[in-house]
Protein chains: 2
Amino acid sequence: MAARPKSQTASLVASCDDVEAQFYEALQQGDLERLMSVWADDDDIVCVHPGGQRLVGPQAIRAAFESIFGNGPIPATPTHVRRIEGPGCTVHHLHERIDIKTDEGPQAAWVITTNVYLKTVHGWRLVAHHASPGFAREPIDPADGPSTLH
Amino acid sequence: MAARPKSQTASLVASCDDVEAQFYEALQQGDLERLMSVWADDDDIVCVHPGGQRLVGPQAIRAAFESIFGNGPIPATPTHVRRIEGPGCTVHHLHERIDIKTDEGPQAAWVITTNVYLKTVHGWRLVAHHASPGFAREPIDPADGPSTLH
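These numbers were taken from a predicted model, which means no experiment stands behind them.

Asks: I keep staring at the overall build of chain A and nothing clicks. Help me out?
Replies: Within chain A, the regular secondary structure consists of 4 helices and 6 strands. Start at the N end of chain A and walk to the C end: the helices and strands fall as α-α-α-β-β-α-β-β-β-β. With 150 residues in all, chain A has 45% of them scored as buried. Look at the contacts in chain A between residues 6 or more apart in sequence, and 48% of them connect residues 24 or more apart. Just so you have it, chain A exposes about 7500 Å², and 53% of that area is on carbon and sulfur atoms.

Asks: Honestly, the interface of chain A and chain B in this entry has me stumped. Any pointers?
Replies: Accessible area lost upon the coming together of the parts is a frequently used measure of interface size. In this assembly, 41 residues from chain A lie in contact with 41 residues from chain B. Of the roughly 3000 Å² buried between chain A and chain B, counting both surfaces, carbon and sulfur atoms make up 58%. Across the chain A-chain B interface, the total number found is 2 salt bridges. For Asp44(B), the salt bridge goes to Arg82(A), with nearest N and O atoms at 2.7 Å. Between chain A and chain B we count 13 residue pairs in polar contact (both at pLDDT 80 or more) in total. Elements represented by at least two residues in the side of chain A that touches chain B include exactly strand E1 (46-48), strand E2 (54-56), strand E3 (76-86), strand E4 (89-102), strand E5 (105-120) and strand E6 (123-135) of chain A. A total of 7 residues in the side of chain A that touches chain B trace back to one element, the largest contributor, which is E6(A).

Asks: Before we go on, may I ask you to explain the pattern of salt bridges in this structure?
Replies: Residues and elements named next belong to chain A. A complete count under the given rule lists 10 salt bridges over all chains for this structure. The partner of Asp99 in a salt bridge is Arg97, and the shortest N-O contact between them spans 3.1 Å. With a relative accessible area of 27%, Arg97 lands in the partly exposed category.

Asks: Just checking my understanding: could you explain the layout of surface pockets for this structure?
Replies: Empty space among the atoms becomes visible once a probe the size of a water molecule is rolled across them. Here the largest pocket defines a volume of roughly 240 Å³. Along the wall of the largest pocket there are 16 residues; nearest its centre are Ala40(B), Asp41(B), Asp42(B), Thr120(B) and Arg125(B). Every element with two or more residues in the lining of the largest pocket is listed here: E3 of chain A together with helix H3 (32-37), strand E5 (105-120) and strand E6 (123-133) of chain B. When its residues are assigned to classes, the lining of the largest pocket shows 7 nonpolar, 4 polar and 5 charged.

Asks: Honestly, the side chain of Asn115(A) in this entry has me stumped. Any pointers?
Replies: All names here are of chain A. As for its placement among the helices and strands, Asn115 is situated in strand E5. Residue Asn115 is classed as buried on the basis of its relative accessible area, which comes to 0%. Separated by 3.0 Å, the side chains of Asn115 and Glu20 make a polar contact. Separated by 3.3 Å, the side chains of Asn115 and Tyr24 make a polar contact.

Asks: Just checking my understanding: could you explain the relation of the copies chain A and chain B for this structure?
Replies: In this structure, two copies of a chain are linked by a rotation about an axis accompanied by a shift along it. In screw terms, the move from chain A to chain B is a rotation of 180 degrees and a rise of 0.0 Å along the axis, fitting with an RMSD of 0.0 Å. The transformation just described matches what one would write down for a two-fold rotation axis. Of the residues that chain A buries at the interface, 100% are likewise interface residues in chain B, meaning the two copies contact each other through the same surface.

Asks: Whenever I open this one, the sheet that holds strand E4 (residues 89-102) of chain B confuses me. Can you help?
Replies: In sheet architecture, strand pairing relies on hydrogen bonds along the backbone and comes in two forms, parallel and antiparallel. Residues and elements named next belong to chain B. Here 6 strands make up an open sheet; going across it, the order is E2-E1-E6-E5-E4-E3 and the pairing mixed. Only two strands of the sheet have a single neighbouring strand rather than two, namely strand E2 (54-56) and strand E3 (76-86). Taking the axes of each pair of neighbouring strands and ignoring which way they run, one obtains an average angle of 25 degrees across the sheet. With 3 bridges connecting them, strand E1 (residues 46-48) and E2 associate as antiparallel partners. Along E2, the bridge assignment pairs Val46 with Val56. Strands in contact with helix H4 (residues 58-69) are E1 and E2; relative to E2, the strand with the most contacts, it is inclined by about 125 degrees.

The rules behind each value
- Residues numbered from 1 in each chain as written.
- Chains lettered and ligands numbered in written order.
- Predicted model: local features only at pLDDT ≥ 70, side-chain atom pairs only at ≥ 80, totals over all residues.
- Heavy atoms only, no water.
- Helix = DSSP H or I, 4+ residues; strand = E, 2+ residues; numbered from the N terminus.
- Buried < 20%, exposed > 50% of the residue type's maximum accessible area, 1.4 Å probe, protein only.
- Contact = heavy atoms within 4.5 Å.
- Areas by Shrake-Rupley, 256 points an atom, 1.4 Å probe, with all protein chains shown as cover.
- Buried area = accessible area lost by both parts, 1.4 Å probe.
- Salt bridge = Lys/Arg side-chain N within 4 Å of Asp/Glu carboxyl O.
- Polar contact = N/O pair within 3.5 Å; in protein donor to acceptor, adjacent residues only side chain to side chain.
- 1 Å grid on protein atoms, 1.4 Å probe; cavity = no way out; pocket = protein on both sides within 12 Å on 5 of 7 lines; lining within 4 Å.
- Points joined across faces, edges and corners; volume = space filled by probe spheres on them.
- Nonpolar A, V, L, I, M, F, W, Y, C, P; charged D, E, K, R; others polar.
- Least-squares fit on C-alpha atoms with pLDDT ≥ 70 in both.
- Pairing = 2+ DSSP bridges.
- Axes fitted to C-alpha atoms, helices over the stretch in contact; angles between N-to-C directions.

As structure tokens, this is what we get:
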């Protein structure tokens, strides 16, 4: 078998956590190509931004992020991650902390997010990112235990 | 092998569409037991109601639906369903039409929803239901084609 390019090999062995880290780093950097590389190549992949419509397929998702990045990167950090693992499928649900600079100093807003990853021939890929309007304060999460904070 | 009870056999051969139909029928009927029977028995299952917090685990999800059903059933009908299928996992994303009776006659509101199903030893089960505040009118969905309407 021919040797795979290093980047492709790295991608194939990446875990869901690696792919999720890449997604949020790309958001924080406003890196559209890196962001789109974590998604599965499937016409039915879905992205819902807080307060937004349902975006279906790579073209619509790319166009929306391109527009968002036109105003700058998204300072979103995943917190309180919970995981549901199936065969070839992992669901992460979490709170995104969005760091905002205001005249009164740095503030945070919170978004509730579900990310779904499927194992494809190209490795783990994001197929659904659903984010809901959150809250101005860190949400109270009675289900949180020590193992769910990171 | 001992014969399975009929209801258990029916549950094991049910498709994701069957399970989803059962979920929405239970919402429409305000049937808490039927509603909870579609969920996987997993501490990390997640439910996000429009504008609500993240509810994690069967106990929190059950308590929230019990409270909601105290005000009556939820007249939600799934429309514009799109499906992403993986090994042992299916993601449905859709618009829920909520039929509301007002003094000006019947009206509809719309919710954007992602449902994730995993294949368990008990058959297909819901592990994530994430619903976002939608719109007062039927959302424009340029990705819709004839095969996605039902």
